[in-house]
Amino acid sequence: MKCSDTGALLDLLMDGALREDQLEALEAHARECPECAAQLEAARALSALMDELPPEVDVPLTAQAAWRGAVRDEAKARRTRRLTRWVSAVAAGAVLVVGVGATVLRQNARQARMSAVVQMADADAGTIENAYEAAANESAAFGAVMAGGAAGDAAVLEADGVSLSMAEPAETAAAPMQELRVKVDDVDAACDTICDLVSEYEGSTDAQRTDGGANLYVTLPGENLADFMSAIAHWEIEGEPAPAGAETASLLLVIHP
Amino acid sequence: MEVGVFVDEEKLIARAMRGDAAAFNELMAAHEKRMYAVALRMCANTEDAQDCLQEAMLRIYRGMDSFKGQASFATWVYRITMNTCLDELRRRKNRPNTSLDGLLEVGWSPQDPAASPEKRAVQGEMRAELARCMKELPEDMRAAVVLRDVEGYAYEEIAGILNINVGTVKSRISRAREKLREKIKARPELFDRKRV
């Protein structure tokens, strides 16, 4: 064995891959070569020190709270951005959108009424508040809208660039609204996830905050109901939706902790 | 690992990809301690290590929908963690050296409850010196040797985490160990194993 072999053998030693015969050769050479003997001793000391270091270290509670809080803030900001984009898209697509407080008018296809989604968008409250103010100023029309309007009439309110219009929805075959109670750990996160899922399954959601929870009024194409129910099956759900068959499925998801 | 664990992780990943913060927190609970250990050994400072942990968590959360599954989730997580640490180290290259006091905690100097006070003092001294030696290594060598000799990853796993080939991993580790041995040789009285 030569001194130039020492480095490679010491790497095998540190990897725990040194064979017995290789170790004997290394030690025999170290007895003859003080430099390699010092290298061998240093390698053993280094190996012992490294072995004592734990591969995992408990994260201090303050650091845990810090990163979880940062992620939570990021999630909230993401929901706000998404809601703002959704509100803008809906407004542009001529559906009634008013943002104040937590009042919701529920869509009922049979009675041909429009539902209004009312949520405060933190990042873009201006747009939504302006829309509400404008709608409130048009009180007669807004009142008609709130009452369901004259059947068959379309009311259009133009205000601050937000186009609010509504028309009696076409009669479609729909199942009666089914109420399901959904138990979750985090109401906000669950509502966000469910809204995304409904959107994926080509449905629409109206949301209403309740004390500690939320009511989500979900409308879906009937053919997507089963897949949607599978996607939310990981939560504890009381109640069963009506079997698929209707063209449109209507659900009231009562989200509670 | 049991199949059930993979299925649970897959479900959490799917939910986290949709922005579910609760699912993300649960998913990362399995990786948090190791991520922090890597950050500690790379940053040589508890404050910076905690900053890196938070930044890495945010990068992972933001990037969840870009996780395509070509590598294992763990490999992807530790790649982001290591890149976050390397970015921080490069960013503070021009800052004055920070104190190593924060390292003399459990991460670098785990206390052996069975050891005598004298032995713990000797061990602590050795480990503090090792921490200083590690801090003097170039970052790419430090990353490789931390992942191998402290975290216990295989060479192929390290290649995946650092996004380099296995030959380069082995070369960096070999050079890092050589530099560390030289520093240990220079202080034989400190690292004499008979003292412990």
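Preceding this paragraph is the structure being described.
The sections below set out a description of the structure shown in this document. Once a new chain begins, its residue numbering starts again from 1 and follows that chain's sequence as written. Think of it this way: whatever chain is written first is A, whatever ligand is written first is 1, and the rest follow in order. Since the coordinates come from a predicted model, pLDDT governs what is reported: local features require at least 70, and pairs of side-chain atoms require 80 or more to be given and counted, while whole-chain, interface and lining totals use all residues. Only hydrogens and water are set aside when side-chain values are computed; all heavy atoms of the structure are taken into account.

1. A look at the overall build of chain A
Basically, it comes down to this: The helix and strand labels rest on DSSP assignments: H or I over at least four residues marks a helix, E over at least two residues marks a strand, and numbering proceeds from the N terminus. Remark: exposure states derive from per-residue accessible area (1.4 Å probe, protein chains only) relative to the maximum for the residue type, with buried under 20%, exposed over 50%, and partly exposed in between. We call two residues in contact whenever any of their non-hydrogen atoms come within 4.5 Å of each other. A 1.4 Å probe and the Shrake-Rupley method give the accessible areas. Residues count as covered only by the protein chains that appear here.
Along chain A, the regular secondary structure elements total eight helices and seven strands. A buried classification covers 42% of the 257 residues belonging to chain A. In chain A, 63% of the contacts between residues at least 6 apart in sequence involve partners at least 24 apart. Entry remark: accessible area of chain A is about 13000 Å², with carbon and sulfur atoms responsible for 50%.

2. Observations regarding the pairing of strand S3 (residues 178–183) of chain A
Residue and element names in this part refer to chain A. Put simply, the rule reads: A pair of strands counts as paired when DSSP detects no fewer than two bridges linking them.
Pairing geometry for S3 and strand S7 (residues 248–256), over six bridges, is parallel. The residue of S7 that forms the bridge with Lys-183 is His-256. Where S3 and strand S6 (residues 236–238) come together, three bridges link them in antiparallel fashion. Its bridge partner being in S6, Val-182 is matched across the sheet by Ile-237.

3. Description of the sheet that holds S7 of chain A
Working definition: the strands of a sheet are paired by backbone hydrogen bonds and lie parallel or antiparallel to each other. Residue and element names in this part refer to chain A. This is how it is decided: Axis angles are defined between N-to-C directions and span 0 to 180 degrees, where every axis is a line fitted to C-alpha atoms and, for a helix, only to the segment in contact.
The strand order across the open sheet formed by five strands is S4-S5-S7-S3-S6, and the pairing between neighbours is mixed. The two strands at the open ends of the sheet, each matched to only one other strand, are strand S4 (204–210) and S6. Ignoring strand direction, the axes of neighbouring strands in this sheet form an average angle of 25 degrees. Note that S4 and strand S5 (residues 213–221) share seven bridges and pair antiparallel. Pairing of Ala-207 across the sheet is with Leu-216, part of S5. Packing against the sheet, helix H7 (residues 187–200) makes contact with S4, S5 and S7, and its axis sits at approximately 10 degrees to S5.

4. Considerations on the side chain of Asp-11 of chain A
Here Asp-11 of chain A is to be found in helix H1 (residues 6–14). Here Asp-11 of chain A falls in the buried class, since its relative accessible area comes to 12%.

5. Overview of the pattern of salt bridges
Convention followed: Salt bridges are defined as contacts in which a side-chain nitrogen from Lys or Arg sits within 4 Å of a carboxyl oxygen from Asp or Glu.
A complete count under the given rule lists 22 salt bridges over all chains for this structure. Two residues, Glu-35 of chain A and Lys-185 of chain B, come together in a salt bridge whose shortest N-O distance is 2.4 Å. One end of the pair, Glu-35 of chain A, is in helix H3 (residues 34–52); the other, Lys-185 of chain B, is in helix H9 (residues 166–186), on a second chain. Overall, Glu-35 of chain A belongs to the partly exposed group, its relative accessible area being 42%. In this structure, the salt-bridge partner of Arg-187 of chain B is Glu-129 of chain B, at a minimum N-O distance of 3.6 Å. In this pair, Arg-187 of chain B sits in the loop between H9 and helix H10 (188–191) while Glu-129 of chain B sits in helix H6 (residues 117–136), placing the two residues 58 residues apart along the sequence.

6. Structural notes on unusual backbone geometry
Look at Glu-202 of chain A: it is not a glycine, yet its phi comes out positive at around 65 degrees. Along the chain, Glu-202 of chain A turns up in the loop between H7 and S4. At Asn-163 of chain B, a residue that is not glycine, the phi angle is positive and equals roughly 60 degrees. Of note, Asn-163 of chain B is situated in the loop between helix H8 (155–162) and H9. Of the residues examined, Asn-163 of chain B reaches a relative accessible area of 60% and is grouped as exposed.

Nothing here speaks to function; it is all geometry.
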